[in-house]
Amino acid sequence: MGAFEQKDSKVHGKGIFTVRPLPEGKVLFETHKRVEGVFEWLNLMPNSLYNHSVEPNCQSLTIGEFKYLMTIRDIAGGEELLVNYRQDEDLEQPADDWM
């Protein structure tokens, strides 16, 4: 993943962390691809392993046949990349007790 690493997360299981600081508004990488069949979106591993948070620092952005992760604020190096899943109905929707 280069500028990113997968590590244990305080939020849930494993997460994606940035190695260096990132500016607000930066499109990071593809996370899902639209496919035909039972599942409309295919997870692109390991890029789709970001976690849910009600205090996100990224958002899911759909452009054509792909979803991307985009920063919504400046992110410090070493910080976990987090998305509010509720803001994208195509993502797995969190249970009430998810952070």
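Rules used in this analysis
Just so you know, the residues in each chain are numbered from 1, in the order the chain's sequence is written. With pLDDT at 70 or above as the cut-off, local features in this predicted model cover only qualifying residues; side-chain atom pairs require 80 or more to be listed or tallied, and sums for whole chains, interfaces and linings still use all residues. Calculation of side-chain values draws on the structure's entire complement of heavy atoms; hydrogens and water are dropped beforehand. Buried residues are those whose accessible area, probed at 1.4 Å on protein chains only, stays under 20% of the maximum for their type, while exposed residues exceed 50% and partly exposed ones sit between those limits. To qualify as a helix, a DSSP run of H or I must reach at least 4 residues; to qualify as a strand, a run of E must reach at least 2; elements of each kind are numbered from the N terminus. We treat two strands as partners when DSSP finds at least two bridges between them. A pairing counts as a salt bridge when a side-chain nitrogen of Lys or Arg comes within 4 Å of a carboxyl oxygen of Asp or Glu. The term nonpolar core refers to a set of buried residues drawn from Ala, Val, Leu, Ile, Met, Phe, Trp, Tyr and Cys, joined through side-chain atoms within 4.5 Å. Throughout, a residue-residue contact means that at least one pair of heavy atoms, one from each residue, lies within 4.5 Å.

K.L.:
For this particular structure, what's the right way to read the pairing of strand β2 (residues 14-18)?
P.N.:
Along any regular strand, the residues point their side chains to alternate faces of the sheet. The element β2 is extensively covered by neighbouring structure, given that four of its five residues are classed as buried. In the sheet, strand β1 (residues 4-8) pairs with β2 via five bridges, with the strands oriented antiparallel. The partner of Lys7 across the bridge, within β2, is Gly15. The loop that links β1 with its antiparallel partner β2 comprises five residues; one of these, Gly13, has a positive phi angle of about 50°.

K.L.:
Teacher, can you tell me more about the pattern of salt bridges here?
P.N.:
Note that side chains of opposite charge can pair when their charged atoms are close. Tallying each qualifying case throughout the model produces six salt bridges. Residue Glu65 is joined to Arg34 by a salt bridge in which the shortest nitrogen-to-oxygen separation is 3.9 Å. Taken together, the residues span a long stretch of sequence, with Glu65 in the loop between β6 (58-63) and β7 (66-71) and Arg34 in strand β3 (residues 27-34) at a distance of 31 residues. Judged by relative accessible area, Arg34 falls into the partly exposed class, the value being 28%. Between Asp88 and Lys67 there is a salt bridge, with its nearest N and O atoms 2.9 Å apart. Of this pair, Asp88 sits in the segment after β8 (82-83) while Lys67 sits in strand β7, and the two are 21 residues apart along the sequence. Exposure remark for Asp88: the relative accessible area of 10% places this residue in the buried category. Residue class for Lys67 comes out buried when judged on its relative accessible area of 1%.

K.L.:
How should the nonpolar core be read in this particular structure?
P.N.:
One broad trend across soluble globular proteins is that nonpolar side chains are buried collectively. Within the largest apolar cluster, 14 residues are counted, with the highest numbers of intra-cluster contacts made by Phe4, Leu28, Phe29, Cys58, Leu69, Leu81 and Val83. Residues within four places of Leu81 in sequence aside, it is in contact with Phe4, Ile16, Thr18, Leu22, Leu28, Phe29, Tyr50, Asn51, Asn57, Cys58, Leu69 and Ile75.

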